[in-house]
Number of protein chains: 2
Amino acid sequence: MANPVLVEVTRGAVVESAHRGAVSVFDADGKPVWEIGDTARPVFPRSAVKAIQALPLLESGAADAYGFGDRELALACASHSGEPAHVELAQAMLAKAGLDKTALECGAHWPSSHVATIAMARTGSAPNPLHNNCSGKHAGFLCTCVHSGIAHGGYVKAGHALQEMVRDAMQSVTGAAHDVDHCGTDGCSIPTYAVPLKSFALGFARMATGRGFAPERAKAAKRLLSACMAEPFLVAGTGKADLALMRAAPGRIFVKTGAEGVYCAALPEHGLGIALKCDDGASRASEVMIAAVLAKLLRSDEALAAKLAELANPPVESRIGAKVGLLRPTAALA
Amino acid sequence: MANPVLVEVTRGAVVESAHRGAVSVFDADGKPVWEIGDTARPVFPRSAVKAIQALPLLESGAADAYGFGDRELALACASHSGEPAHVELAQAMLAKAGLDKTALECGAHWPSSHVATIAMARTGSAPNPLHNNCSGKHAGFLCTCVHSGIAHGGYVKAGHALQEMVRDAMQSVTGAAHDVDHCGTDGCSIPTYAVPLKSFALGFARMATGRGFAPERAKAAKRLLSACMAEPFLVAGTGKADLALMRAAPGRIFVKTGAEGVYCAALPEHGLGIALKCDDGASRASEVMIAAVLAKLLRSDEALAAKLAELANPPVESRIGAKVGLLRPTAALA
């Protein structure tokens, strides 16, 4: 059965396009709190689980050995927009481990920030792997390798000791087996595993509360989510939805987008984890979905819910900046 | 009822995302040849109908008065990528009517060609309305105004004499009423009207054959489609799907993309018109859909069908250029 339409795109009085999806909200005891659509279908979480993938950076002792604080931990969990602050910090993290950009195996691309791209082109420069939106995560991977005495060459490949550490963390946190039949290659060349959407909701409820974790992991998980909430610009970038959502309620909302329409989130004060995917992979729709879900879960704070509802109804604009339509959540999300 | 899934996006062995849609193929006598999903639902055609919107440019006599050939007519029907050849020709068209870029009311945006954007930024320049993907269409509109003695100020607005000429052409060709309740504003500020998808399929069967048209309109329609097929680079740009599809069979395939996942197409030798829309508005999916539909309709030409099938199965690549998945049409399109 098709998942329900969760977001409509209007133009004038007409619904022009529509996005379907599934949403799962869990508490840390494994109780489903709110579910829409098929949440048992395996989905690739892509970049939405970078905070879980960063656990080995802390648990190996690398982060402390290199003196990483909120800024570096936030960047290790980031899909950043390649602005100068992101690029410089990724480079500084690598330098702590005695490495530079040549160690990165993520590939290069122009910054996802159009402004940063134009600024770079104006100076005649070209992108290198530090501009890759995943360079902070990869810098964290490389620091973990060096501190742990693992040869870092090929650290992106399934089966490499670093990726096994990451997979162990992912399996343990989500409670879902990460098997070879459901393994794909992410845009930055690391393995990504498709598991049921609801496993990520449960995983982020655990990340936010530490419930069910050994004390060391509970501490690491809280430190990572706190770092992201303290430094949301480093997790995302200028104009990004993650930045707007985390800034809407500092320290109370953790969100992380992933490619192909995925979002993971956590509400520490409520002990809830959230995972959603837009069926067709559209980020514009997953951004509306997560804002609408958060607005509902946080509705007791009316001012915050109003701000989130605004983010859940972004305008569609013409090239001269006139509002000609909007995106809006459907009744299924209300 | 939901439209069927027409395109899957895979990563490894897993279907990561999916796109639904509707397809309509008509002959010029109004007979449906192939229909998938709800083809009666009103959809905005957006830029996919620029060839119909260019009829007044020919029928007013403006195109001949200004000496426009295939190149200018193709650009008048284009969603171009803002490369130098597009920009220069749009400027030249305006100059024929004694105008320049200041007359354009479409708004400015950076070229949709990333290469053109980087090249412009490197020289320190910024986009103006000539870089707007619709500048050729707007140049055609302005030429029609000037030649017809219509004051061109506000030519983008519903109710302006030029837009009434365009609406008359659209209604007459598609046979569908274009009413105010289904009017939206397009990205380039002109009105766009939502009418049943199947009306566009019928309209393009008529455009390709001239059947049901007065001789003057039949001639104009054929001239426009011929111009686009002769100059596909000017209709689109480097690396664009429309260019690849029209180059696959010169003079035999007319295609035109529109925003939010729309395609219109015509096969003159078969007397068929095609219209489709991806429900969620994704161009990556509508490009696969149109290639798959053309591969099926043209299957008697095995070499061409193989080329089209290749275009219907584009790879998904990582940032280092490794193939990590693909887009593919589902059995519904086979």
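Figured I'd write up the structure that's included with this text. (Residues numbered from 1 in each chain as written. Chains lettered and ligands numbered in written order. Predicted model: local features only at pLDDT ≥ 70, side-chain atom pairs only at ≥ 80, totals over all residues. Heavy atoms only, no water.)

## Observations concerning the interface of chain B and chain A
Next, step 1: Counting residues at the interface gives 50 residues for chain B, matched by 50 residues for chain A.
Next, step 2: At the boundary of chain B with chain A, total buried surface from both sides reaches about 3600 Å², with 52% on carbon and sulfur atoms.
Next, step 3: Among the residues chain B hides against chain A, the three largest losses belong to B:Arg11, B:Glu16 and B:Arg319. Together they make up 18% of the total.
Next, step 4: At the boundary of chain B and chain A, one finds four salt bridges.
Next, step 5: Notably, a salt bridge pairs A:Glu16 with B:Arg46, separated by 3.1 Å at the nearest N-O pair.
Next, step 6: When contributions to the side of chain B that touches chain A are tallied by element, the ones reaching two or more residues are strand E2 (14-27), helix H6 (114-122) and strand E5 (183-185) of chain B. (Contact = heavy atoms within 4.5 Å. Buried area = accessible area lost by both parts, 1.4 Å probe. Salt bridge = Lys/Arg side-chain N within 4 Å of Asp/Glu carboxyl O. Helix = DSSP H or I, 4+ residues; strand = E, 2+ residues; numbered from the N terminus.)

## Overview of the relation of the copies chain B and chain A
Next, step 1: Superposition record for chain B on chain A: RMSD 0.0 Å, screw rotation 180°, translation along axis 0.0 Å. Overall, the copies show the geometry of a two-fold rotation axis. No C-alpha of chain B lies nearer the rotation axis than that of B:Arg122, which sits 2.3 Å from it.
Next, step 2: When you check the interface residues of chain B against chain A, 100% turn up at the interface there too, and the contact is symmetric in its surfaces. (Least-squares fit on C-alpha atoms with pLDDT ≥ 70 in both.)

## Details of the pairing of strand E10 (residues 272-278) of chain A
Residue and element names in this part refer to chain A.
Next, step 1: With seven of seven residues buried, E10 lies mostly within the body of the structure.
Next, step 2: Taking every second residue as pointing to the same face, both faces of E10 are buried, with Leu272, Ile274, Leu276 and Cys278 on one and Gly273, Ala275 and Lys277 on the other.
Next, step 3: Bridging between strand E2 (residues 14-27) and E10 involves seven bridges; their strand directions are antiparallel. Residue pairing across strands places Gly21 opposite Cys278, the latter belonging to E10.
Next, step 4: In this sheet, E10 lies alongside strand E9 (residues 262-267) in antiparallel orientation, the contact comprising six bridges. Pairing of Cys264 across the sheet is with Ala275, part of E10.
Next, step 5: Once E9 ends, the chain turns through four residues before running back antiparallel as E10, passing Gly271 with a positive phi of about 65°. (Buried < 20%, exposed > 50% of the residue type's maximum accessible area, 1.4 Å probe, protein only. Pairing = 2+ DSSP bridges.)

## Points about the packing of helix H13 (residues 283-297) of chain B against helix H14 (residues 302-311) of chain B
Residue and element names in this part refer to chain B.
Next, step 1: Put simply, H13 and H14 touch, their axes get as near as 8 Å, and they point 165° apart. Classed by the angle they form, the pair H13 and H14 counts as roughly antiparallel. Remark: the crossing between H13 and H14 carries left-handed chirality. Counted together, Ala291, Leu294 and Ala295 of H13 and Ala305, Leu308, Ala309 and Leu311 of H14 form the full contact between these two elements.
Next, step 2: Grouping the amino acids of the contact of H13 with H14 by side-chain chemistry returns seven nonpolar, no polar and no charged. (Axes fitted to C-alpha atoms, helices over the stretch in contact; angles between N-to-C directions. Parallel < 35°, antiparallel > 145°, perpendicular 65-115°, else oblique. Left-handed = near helix turned anticlockwise from the far one by under 90°. Nonpolar A, V, L, I, M, F, W, Y, C, P; charged D, E, K, R; others polar.)

## A look at helix H13 (residues 283-297) of chain A
All names here are of chain A.
Next, step 1: Counted at 1.5 Å a residue, the expected span for H13 with its 15 residues is 21 Å, and the 21 Å between its end C-alpha atoms agrees.
Next, step 2: Of all 15 residues that make up H13, eleven are buried, and the element is covered over most of its length.
Next, step 3: Taken as a whole, H13 has its buried residues at Ala285, Ser286, Val288, Met289, Ile290, Ala291, Ala292, Val293, Leu294, Ala295 and Leu297. (Expected span 1.5 Å × (residues − 1).)

## Re the environment of B:Leu298
Residues and elements named next belong to chain B.
Next, step 1: Position of Leu298 among the secondary structure elements: in the loop between H13 and H14.
Next, step 2: Accessibility expressed as a relative area gives 2% for Leu298, which makes it buried.
Next, step 3: Along the primary structure Leu298 and Asp70 are separated by 228 residues, whereas in three dimensions their C-alpha atoms are 25 Å apart.
Next, step 4: In this view, Leu298 contacts Arg252, Ile253, Leu267, His270, Leu304, Ala305 and Leu308; residues no more than four positions away in its chain are not counted.

## Considerations on helix H10 (residues 215-230) of chain A
Next, step 1: Between its first and last C-alpha atoms H10(A) spans 22 Å; for 16 residues at 1.5 Å apiece the expected length is 22 Å, and the two agree.
Next, step 2: Along H10(A), the residues classified as buried are A:Arg217, A:Ala218, A:Ala220, A:Ala221, A:Leu224, A:Leu225, A:Ala227, A:Cys228 and A:Met229.

## Thoughts on the pairing of strand E8 (residues 254-258) of chain A
All names here are of chain A.
Next, step 1: Counting buried residues in E8 gives five out of five residues, a clear majority hidden from the surface.
Next, step 2: Side chains of E8 alternate between two faces, with Phe254, Lys256 and Gly258 and Val255 and Thr257 buried alike.
Next, step 3: Pairing of E8 with E9 involves five bridges; the strand directions are antiparallel. Its bridge partner lying in E9, Lys256 is registered against Cys264.
Next, step 4: In sequence, E8 turns back onto E9 through a hairpin of three residues, with Glu260 there showing a positive phi of about 65°.

## Structural notes on the environment of B:Leu162
All names here are of chain B.
Next, step 1: Checked against the element boundaries, Leu162 lands in helix H8 (residues 161-174).
Next, step 2: A relative accessible area of 0% places Leu162 in the buried class.
Next, step 3: Taking the C-alpha atoms as reference points, Leu162 and Ile150, twelve residues apart in sequence, are found 7.7 Å from one another.

## Quick word on the pattern of salt bridges
Oppositely charged side chains can form a pair if their charged atoms are brought close together.
Next, step 1: Tallied over the entire structure, the rule returns 24 salt bridges over all chains.
Next, step 2: Among the charged side chains, a salt-bridge network with shared partners connects A:Arg11, A:Glu16, B:Arg46 and B:Asp186.

## Quick look at the packing of aromatic side chains
Next, step 1: According to the stated counting rule, one finds six aromatic pairs over all chains in the structure shown.
Next, step 2: On the numbers, 6.5 Å between centres and 65° between planes, the contact of A:Phe141 with A:Tyr155 is edge-to-face. You can see A:Phe141 sitting in helix H7 (residues 135-148) and its partner A:Tyr155 sitting in the loop between H7 and helix H8 (161-174), a full 14 residues away along the chain.
Next, step 3: Judged by its relative accessible area of 3%, A:Phe141 is buried.
Next, step 4: Ring centres of B:Phe204 and B:Phe254 lie 5.7 Å apart, and the angle between their planes is 15°; this geometry places the pair in the stacked category. (Phe/Tyr/Trp six-rings, centres within 6.5 Å; stacked < 30°, edge-to-face > 60°.)

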